[in-house]
Amino acid sequence: METTNSVPPIDEESTENRDSMWDLHQTLDQPMEEEAGKLKNMSRQKKFSSLLVLRLAFQSLGVVYGDLGTSPLYVFYNTFPEGIKDPEDVVGALSLIIYSLTLIPLIKYVFLVLRANDNGQGGTLALYSILCRHAKVNTIPNHHPADEQLTTYSRHIFREKSFAAKTKRWLEAAALRKNLLFILVLVGTCMVVGDGILTPAISVLSAVGGIKVDHPKMSGDVVLVVSTIILVGLFSMQHYGTDKVGWLFAPIVLLWFLLIGGIGAYNIWKYDSSVLRAFSPIYIYRYFKRGGWKTLGGIMLSITGTEALFADIAHFPVSAVQIAFTMLVFPCLLLAYTGQAAYIVKNQDHVIDAFYRSIPESIYWPVFIIATGAAIVASQATISAAFSIIKQALALGCFPRVKVVHTSKIILGKIYIPDINWILMLMCIAVTVGFRNQSQIGNAYGTAVVTVMLVTTFLMIPIMLLEWRSHWILVVVFTVLSLIVECTFFSAVLLKVDQGGWVPLVIAVVFFIIMYVWHYGRAKRYQVELHSKVSMAWILGLGPNLGLVRVPGIGLVYTELASGVPHIFSHLITNLPAIHSAVILVCVKYLPVYTVPQEERFHVKRIGPKEFHMFRCVARYGYKDLHKKDDDFEKKLFESLFLFLRFEYMMEGCSDSEEYSSYGQQTVRSGDSQLTHNRNMTISLNVDSTVTSSDEDGGILPAKSSAPRSPNNFFSSAGQTSHQTELDEMEYLKSCRDAGVVHILGNTVVRARRESKFIKKISIDYVYAFLKRVCRENSVIFHVPHESLLNVGQIFYV
């Protein structure tokens, strides 16, 4: 191992030991590199057996395609709510449906947008997470270079003069652009939550409405009551998790697609096969010429569920989703819509309930039961997508803290959020009872869907430039074609705003205010804490005892700052006459990644000289990670701390300051331990945690030893004095832990200054203060025992 000029001369015995360590490095380095490569691609398994892909494609039916598959229940009714004046209108509408399904779900989403997943995660917030890794567009500036060394933190380095580099600099140049991008993401997120309200309402109401076909004299109130009962039951079962009933979903949806495809083929043969001419795009032109533009709001419902397709791909490879759509979903949907059109051409008066009337009488009731089951599956998919996107928003600091229950011990993506569940249920029932018919709910649904699609298109532009590094001409072609189709649909649904289209707008505005004000308040609080943090010179001036009496025990001071000493610490020690014998500043930080591997979870470093016994621990999580209970969290934190001390004392020339930077690249394995080093180093030892230290001289210098070293006595390479000092401090910290651990949480209150604008005062002093009062406390999120909790209050004016 090479050394710098600042290192004293080393005798032959030491050099011999050093060479032995170098051989160990060379021998054991490669396996760790392979393991890191596996981690980087753990959610992107590229090779699957054909049988496994087919099995996953089958399973994806019940999760991904439920919403898209139930659209035939209500598309033609919402397209022609006032009846049909010309049979050619049916052919023109069918042609529009065919090419809408081809351009949006098939070409845009299945073969393009699905590739933009974040390690298997989809949705607007997943796209935003990718952008946050490739460009510094996060509105809360808590980025640290060490985060980029995570194996799941995939990003590209651009050439200085490349178009991608110019795009990156353009996004980072102005705060206004970052805010506009963030607002765009929030709009898409709020509309997806709106889908979780509107999809159950329209799907269940449309499916249950089939009762009236067989019993035409039945009151509409009966349909409404039955739909409400099903909705209440659906939302009440959410706490069991989709694992309990998930095995039923795929067979139900598979049977549903086979039935609607078969019925469609039967209707084409029986009624009017001439509707197949709708595959010619000339009929779209003729349809628009006759004024068909006004009916686009209903036709657009044929592609509803496409955004849920992108949001629900977390547990399936893209190839499986693509096979399921191209081999089954797409052809069955084309047959279903074509068959309905053939029936309507010959029975124009039946357009209101064309789906159920076109079913052969012998299989009517089985199809009705399966349709109701498919509607429930479709509703489950959008509800689960709403839960997932709220969880992502929580991790990115865009939503107040709520309780998140993980319903699967194996798959962390399967979650249940009680508060959101009951809010969605109440709003869904209100929409169902308030409108009472499919037409107005369909207008509302269309507005939400097309808005999310537009947001996805705009987010795909920087994704294609930064993540895919596509040529700008390809980006322009994709953008222009997408906007032509989607803006046409959007212009049509705007006409329906007063006919139910206002519902998703109101829902989106409510959720947008909640999310934006919460994020704005957190950003202001972070900024004021960042600017008021304590300097290291002030800490050093206090001396080893920090100017106070050091009482037995360890104080865990929770802070949002990943660097520096927070103001809460100075506020505490200036108001109390004592502080714990050891102090650990704990920062629980969520990163714009899907997950942080357990072995890289903790990032530990020392603050000040050794005799101060002050440390920092940054616990890093992805937006799908589970924050485990306090006992487990504490255990891994202290294991990380002790491992940090073990390696710190082993190294010569390490710095006492807190300015330890990111990770190195070279790896050594020693028995059950791993050592990563370069100028700075990351260390982990079969404790599922990661700590950092510093090596100022660029290498590890073994001390004198007459016996050859083996992997089992690797830690004994430090000098006897250093080893004794290490043991003394570790024993000291263990005694402090045995004396008691106290969790010190900051209860920071932000207030708007008197000279602030009226909107800012309302946002900070009332809306944000109310949300902070009703959301879950940090002590509950961190599972802190009440008897070990100490709240420190402080007020900041922003």
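Predicted, not measured: the structure shown is a model, and the values here were computed from it.

Here is what the cut-offs are and how they apply
- Residues numbered from 1 in each chain as written.
- Predicted model: local features only at pLDDT ≥ 70, side-chain atom pairs only at ≥ 80, totals over all residues.
- Heavy atoms only, no water.
- Helix = DSSP H or I, 4+ residues; strand = E, 2+ residues; numbered from the N terminus.
- Buried < 20%, exposed > 50% of the residue type's maximum accessible area, 1.4 Å probe, protein only.
- Contact = heavy atoms within 4.5 Å.
- Areas by Shrake-Rupley, 256 points an atom, 1.4 Å probe, with all protein chains shown as cover.
- Pairing = 2+ DSSP bridges.
- Phe/Tyr/Trp six-rings, centres within 6.5 Å; stacked < 30°, edge-to-face > 60°.
- Lys NZ or Arg CZ within 6 Å of the ring centre and 35° of its normal.
- Lys, Arg positive; Asp, Glu negative; His and termini not counted.
- Salt bridge = Lys/Arg side-chain N within 4 Å of Asp/Glu carboxyl O.
- Polar contact = N/O pair within 3.5 Å; in protein donor to acceptor, adjacent residues only side chain to side chain.
- Axes fitted to C-alpha atoms, helices over the stretch in contact; angles between N-to-C directions.
- Parallel < 35°, antiparallel > 145°, perpendicular 65-115°, else oblique.
- Nonpolar A, V, L, I, M, F, W, Y, C, P; charged D, E, K, R; others polar.
- Core = buried A, V, L, I, M, F, W, Y, C linked by side-chain atoms within 4.5 Å.
- Disulfide = S-S within 2.5 Å.
- pLDDT = per-residue confidence, 0-100.
- Arc of directions from axis to C-beta.
- Left-handed = near helix turned anticlockwise from the far one by under 90°.
- Patch = residues over 30% accessible without salt bridge, like charges linked within 9 Å, V, L, I, M, F, W, Y side chains within 5 Å.

**Description of the overall build of the protein chain**
Right, so step 1: Tallying secondary structure elements over the protein chain gives 27 helices and 12 strands in all.
Right, so step 2: Across the 798 residues of the protein chain, 57% fall into the buried class.
Right, so step 3: Pairs at least 24 residues apart make up 82% of the contacts formed inside the protein chain by residues separated by at least 6 positions.
Right, so step 4: For the protein chain, the accessible surface area stands at approximately 33100 Å², while carbon and sulfur atoms represent 60% of it.

**Notes on the pairing of strand S3 (residues 549-558)**
Right, so step 1: Of all 10 residues in S3, seven are buried, a share of seventy percent or more.
Right, so step 2: Of the strand pairs in this sheet, S3 and strand S4 (residues 578-590) are connected by eight bridges, and their pairing is parallel. By the bridge assignment for S4, arginine 550 is matched with isoleucine 579.
Right, so step 3: Relative to strand S11 (residues 741-751), S3 is paired through four bridges, and the arrangement is parallel. Looking at the pairing, valine 557 lines up with isoleucine 744 of S11.

**Digging into the packing of aromatic side chains**
Right, so step 1: All chains considered together, the criterion is met by 21 aromatic pairs.
Right, so step 2: The interplanar angle of 80° and the centroid separation of 5.9 Å between the aromatic rings of phenylalanine 387 and tyrosine 416 together place this pair among those described as edge-to-face. Residue phenylalanine 387 is found in helix H17 (residues 364-395), and its partner tyrosine 416 is found in strand S2 (residues 415-416); the two are separated by 29 residues along the sequence.
Right, so step 3: An aromatic cluster is defined as three or more aromatic residues linked by ring pairs; in this entry it consists of Trp256, Phe355, Tyr356, Tyr364, Trp365 and Phe368.
Right, so step 4: Cation over ring: arginine 115 sits above tryptophan 468, and NZ or CZ is 4.4 Å from the ring centre.
Right, so step 5: If you follow arginine 286 out to its NZ or CZ, it ends over the ring of tyrosine 283, 5.1 Å from the centre.

**Quick word on the side chain of aspartate 272**
Right, so step 1: By the element assignment, aspartate 272 lies in the loop between helix H11 (242-270) and helix H12 (282-289).
Right, so step 2: Nearest to the buried, unbridged aspartate 272 among oppositely charged side chains is lysine 346, at 4.5 Å.
Right, so step 3: Reaching out from aspartate 272, the side chain makes a polar contact with the side chain of serine 274 at a distance of 2.4 Å.
Right, so step 4: Residues in contact with aspartate 272, not counting those within four places in the same chain, are Asn267, Ala342, Val345 and Lys346.

**A look at the pattern of salt bridges**
Right, so step 1: Counted by the stated rule, this structure contains eight salt bridges.
Right, so step 2: Lysine 108 serves as the salt-bridge partner of glutamate 486, at 2.3 Å between the closest nitrogen and oxygen. Linking glutamate 486 in helix H20 (residues 472-494) with lysine 108 in helix H5 (residues 87-110), this pair joins segments that are 378 residues apart in sequence.
Right, so step 3: Relative accessible area serves as the criterion here: at 1%, glutamate 486 is assigned to the buried category.
Right, so step 4: Taking the relative accessible area as the measure of exposure, lysine 108 reaches 3% and is therefore buried.
Right, so step 5: A salt bridge links glutamate 172 to lysine 168, with the shortest nitrogen-to-oxygen separation between them at 3.0 Å. Separated by four residues within a single helix, glutamate 172 and lysine 168 lie in helix H7 (residues 163-173), roughly one turn from each other.
Right, so step 6: Glutamate 172 gets classed as partly exposed once you look at its relative accessible area, which sits at 23%.

**A look at the side chain of threonine 70**
Right, so step 1: In this structure, threonine 70 sits in the loop between helix H3 (66-69) and helix H4 (75-79).
Right, so step 2: At 3.1 Å, the side chain of threonine 70 forms a polar contact with the backbone oxygen of aspartate 67.
Right, so step 3: Those residues within four positions of threonine 70 in sequence are excluded, and the remaining contacts are Ser203, Trp256, Ala374, Ala375 and Ala378.

**A short note on the packing of helix H6 (residues 124-134) against H17**
Right, so step 1: Closest axis-to-axis distance for the H6/H17 pair is 9 Å, and the angle between their directions is 30°. With respect to their mutual orientation, H6 and H17 come out roughly parallel. Contact residues: Thr124, Leu125 and Ala126 in H6; Ile389, Gln392 and Ala393 in H17.
Right, so step 2: The class makeup of the residues in the contact of H6 with H17 is four nonpolar, two polar and no charged.

**Digging into H6**
Right, so step 1: For H6, a buried count of 11 out of 11 residues is recorded, marking the element as mostly surrounded by other parts of the structure.
Right, so step 2: All of the buried residues in H6 are Thr124, Leu125, Ala126, Leu127, Tyr128, Ser129, Ile130, Leu131, Cys132, Arg133 and His134.

**Considerations on the nonpolar core**
Right, so step 1: Ranked by size, the top nonpolar core spans 160 residues in total, and within it Tyr65, Phe76, Phe257, Phe325, Tyr356 and Phe399 carry the most contacts.
Right, so step 2: Core analysis: the second largest hydrophobic core is formed by 26 residues, Tyr558, Ala582, Ile584 and Cys736 among them.

**Here's the deal with the state of the cysteines**
Right, so step 1: In total, this model carries zero disulfides according to the counting rule given.
Right, so step 2: Counting only cysteine sulfurs, cysteine 617 is the nearest neighbor of cysteine 587, a cysteine outside any disulfide, at a range of 9.1 Å.
Right, so step 3: You can call cysteine 587 buried: its relative accessible area is 1%.

**Quick word on the confidence of the model for the protein chain**
Right, so step 1: Across the protein chain, the average pLDDT comes to 77, with 81% of residues at 70 or higher.
Right, so step 2: Here residues 1-46 scores under 50 on pLDDT; set against residues more than four positions off or in separate chains, the count is 69 contacts.
Right, so step 3: Between residues 652-719, whose pLDDT stays under 50, and residues either more than four places distant or in other chains, the model counts 204 contacts.

**Focus: H12**
Each full turn of the α-helix corresponds to 3.6 residues, which orients residues three or four apart in the same direction.
Right, so step 1: For H12, the full list of buried residues reads Tyr283, Ile284 and Tyr287. Buried residues in H12, looked at end-on, bunch into an arc of 105°, giving them a common side. Those residues of H12 that are exposed and angled more than 90 degrees off the buried face are Tyr285 and Lys289.
Right, so step 2: Where H12 is buried, its residues meet H4, H5 and helix H13 (296-299).

**So, the environment of isoleucine 513**
Right, so step 1: Residue placement: isoleucine 513 occurs in helix H21 (residues 502-531).
Right, so step 2: Between the C-alpha atoms of isoleucine 513 and cysteine 190, which are 323 residues apart in sequence, the distance is 9.9 Å.

**Some words on the sheet that holds strand S6 (residues 614-621)**
Right, so step 1: Strands sit in the order S5-S6-S4-S3-S11-S12 across an open sheet of six strands; the sheet is mixed. Two strands bound the open sheet, and with one partner strand each, they are strand S5 (602-607) and strand S12 (789-797). Strand-to-strand twist of the sheet, defined as the mean angle between neighbouring strand axes without regard to direction, takes the value 25°.
Right, so step 2: Taken together, the six bridges between S5 and S6 define a ladder with antiparallel strand orientation. Bridge assignment links lysine 605 to a residue of S6, and that residue is arginine 616.

**Quick word on the pairing of S4**
Right, so step 1: By the criterion of burial, S4 is predominantly enclosed, with 11 of the 13 residues buried.
Right, so step 2: Bridge count for S4 against S6 is eight bridges, and the pairing is parallel. Residue pairing for S6: valine 583 is matched across the bridge by methionine 614.

**A short note on the packing of helix H18 (residues 418-435) against H21**
Right, so step 1: Contact geometry for H18 and H21: axes closest at 12 Å, N-to-C directions at 155°. In terms of their interaxial angle, H18 and H21 are classed as roughly antiparallel. As for the relative orientation of H18 and H21, their crossing is right-handed in sense. Here Met427, Val431 and Phe435 of H18 lie close against H21, whose contacting residues are Trp502, Val503, Ile507 and Phe511.

**What to know about a nonpolar patch on the surface**
Right, so step 1: A grouping of Phe163, Trp472, Ile473, Val476, Val477, Val480, Leu481 and Ile484 is seen on the molecular surface, where their side chains present a nonpolar patch of about 750 Å² in accessible area.
Right, so step 2: A per-element tally of the nonpolar patch places H20 first, with seven residues.

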